[in-house]
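# Results of the structural survey
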Amino acid sequence: MIDYDNVLFNIDITSGMPHPGALLISEPFLKDEHFSHSVICLVEYAVGHSSMGIVLNRSTAYTLQGLIQGVKRREDIPVYCGGPMSCDRLYFMHTLGDLLPGSREFSPGLFIGGEFQAMLDYVNAGYPIDGCIRFFIGYSGWSREQLDEELRNRVWAVAEPGDISQLFVGEEDAYWHRHVRCMGHEFRGWLYHPKNPQYN
């Protein structure tokens, strides 16, 4: 007999270990407006220290053209909400490496930042955006030991990024569901909980 309560409501499931480049997948009952059904890429993490990450899948109404000058590309380039901190700053995460001098590799093949003009030249040259670079306003941060406490309380499941060429493809609920499915059958119950419970 299937234990439906355990399948549908269990969040006490062992997941991976956090590290820079790992993904934090929010548990399905998290109601925080910034983090409900969110997927965060950890940029900085060490046990007992402060941590920093970027929400990958929260769309906004902003475009890169609307936020900065000098973008000559015709199609709109979306800007995502990386988190509730420093929302007056633009961040970009990418897989471009040395194409953007000054960028920091925080995990194999994953980079953050770089020279602004080099980023602008890349964008204006018409090179690929999807799968290669994603832009964010704000970031997500945790004070000392705060993230460790949230992990103990199963607020987040930790997953590996998998194919990094897909990390900057997709958004919102579909993106969260995709990563939950990749975590295996133990997490399948998470998929049955809509972001808005009124949809049930």
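Residues numbered from 1 in each chain as written. Predicted model: local features only at pLDDT ≥ 70, side-chain atom pairs only at ≥ 80, totals over all residues. Heavy atoms only, no water.

## Here's the deal with the overall build of the protein
A count of helices and strands for the protein gives 5 helices and 10 strands. By residue count, 47% of the 200 residues in the protein fall in the buried class. Put simply, 63% of the contacts in the protein that link residues at least 6 apart link residues at least 24 apart. Entry remark: accessible area of the protein is about 10400 Å², with carbon and sulfur atoms responsible for 52%. (Helix = DSSP H or I, 4+ residues; strand = E, 2+ residues; numbered from the N terminus. Buried < 20%, exposed > 50% of the residue type's maximum accessible area, 1.4 Å probe, protein only. Contact = heavy atoms within 4.5 Å. Areas by Shrake-Rupley, 256 points an atom, 1.4 Å probe, with all protein chains shown as cover.)

## Observations regarding the pairing of strand 5 (residues 78-81)
Regular strands show a simple pattern: their side chains alternate between the two faces of the sheet. The pairing of strand 4 (residues 59-63) with strand 5 spans 2 bridges and is antiparallel. Looking at strand 5, one finds that Ser-59 is bridged to Tyr-80. The sheet contact formed by strand 5 and strand 9 (residues 133-142) spans 3 bridges and is parallel. When the sheet's bridge partners are listed, Cys-81 is paired in strand 9 with Ile-137. (Pairing = 2+ DSSP bridges.)

## Notes on the environment of Ser-38
For Ser-38, the location among the structural elements is in the loop between strand 1 (23-26) and strand 2 (39-44). Placed 118 residues apart in sequence, Ser-38 and Trp-156 show a C-alpha to C-alpha distance of 9.6 Å. Every residue in contact with Ser-38, bar those within four places of it in the chain, is listed here: Leu-24, Ile-25, Ser-26, Val-55, Asn-57, Arg-58, Trp-156 and Trp-176. Reaching out from Ser-38, the side chain makes a polar contact with the backbone oxygen of Phe-35 at a distance of 2.7 Å. (Polar contact = N/O pair within 3.5 Å; in protein donor to acceptor, adjacent residues only side chain to side chain.)

## Things to note about helix 3 (residues 116-124)
For helix 3, the complete set of buried residues consists of Ala-118, Met-119, Leu-120, Tyr-122 and Val-123. Tucked inside the fold, the buried residues of helix 3 contact helix 2 (64-67), strand 6 (85-94) and strand 9. Looking one or two residues past helix 3, Gly-126 carries a phi angle of roughly 85 degrees, positive in sign.

## Description of the packing of aromatic side chains
Applying the stated rule across the entire model yields 7 aromatic pairs. On the basis of an interplanar angle of 50 degrees and a centroid distance of 6.0 Å, the ring pair of Phe-92 and Phe-135 is categorised as tilted. Separated by 43 residues along the polypeptide, Phe-92 in strand 6 and Phe-135 in strand 9 bring together distant segments of the chain. Overall, the relative accessible area of 7% leaves Phe-92 in the buried class. (Phe/Tyr/Trp six-rings, centres within 6.5 Å; stacked < 30°, edge-to-face > 60°.)

## Brief notes about the pairing of strand 7 (residues 104-107)
By the bridge criterion, 3 bridges tie strand 7 to strand 8 (residues 110-112) in an arrangement that is antiparallel. Bridge pairing in strand 8 links Glu-105 to Phe-111. Count of turn residues in the strand 7/strand 8 antiparallel hairpin: 2 residues, of which Gly-109 carries a positive phi of about 85 degrees.

## Looking at the confidence of the model for the protein
Per-residue confidence for the protein averages 89 on the pLDDT scale, and 88% of its residues sit at or above 70. Counting contacts from residues 1-11, a segment whose pLDDT is below 50, to residues more than four positions away or on other chains yields 18 contacts. (pLDDT = per-residue confidence, 0-100.)

## Brief notes about the environment of Arg-188
If you trace the backbone, Arg-188 turns up in the segment after helix 5 (172-182). Take Arg-188: its relative accessible area is 37%, and that puts it in the partly exposed class. In sequence terms Arg-188 and His-177 are 11 residues apart; their C-alpha atoms lie 9.7 Å from each other.

## Observations concerning the nonpolar core
Nonpolar side chains tend toward joint burial in soluble globular proteins. Core analysis: the largest hydrophobic core is formed by 26 residues, its most contacted members being Ile-25, Ile-54, Leu-56, Met-93, Met-183 and Trp-190. For this core, the elements supplying multiple residues, two or more each, are strand 1, strand 2, strand 3 (51-55), strand 6, strand 8, strand 9, strand 10 (156-159) and helix 5. In this structure, Val-79, Leu-100, Ala-118 and Tyr-122 belong to the second largest nonpolar core, which totals 18 residues. (Core = buried A, V, L, I, M, F, W, Y, C linked by side-chain atoms within 4.5 Å.)

## Looking at the pattern of salt bridges
Evaluated as defined, the whole model comprises 4 salt bridges. Between Glu-172 and Arg-58 there is a salt bridge; the shortest N-O distance is 3.6 Å. Taken together, the residues span a long stretch of sequence, with Glu-172 in helix 5 and Arg-58 in the loop between strand 3 and strand 4 at a distance of 114 residues. The partly exposed category is assigned to Glu-172, whose relative accessible area is 22%. Across the pair Glu-75 and Arg-73 runs a salt bridge, and its minimum N-O distance is 2.6 Å. Residue Glu-75 is classed as partly exposed on the basis of its relative accessible area of 43%. (Salt bridge = Lys/Arg side-chain N within 4 Å of Asp/Glu carboxyl O.)

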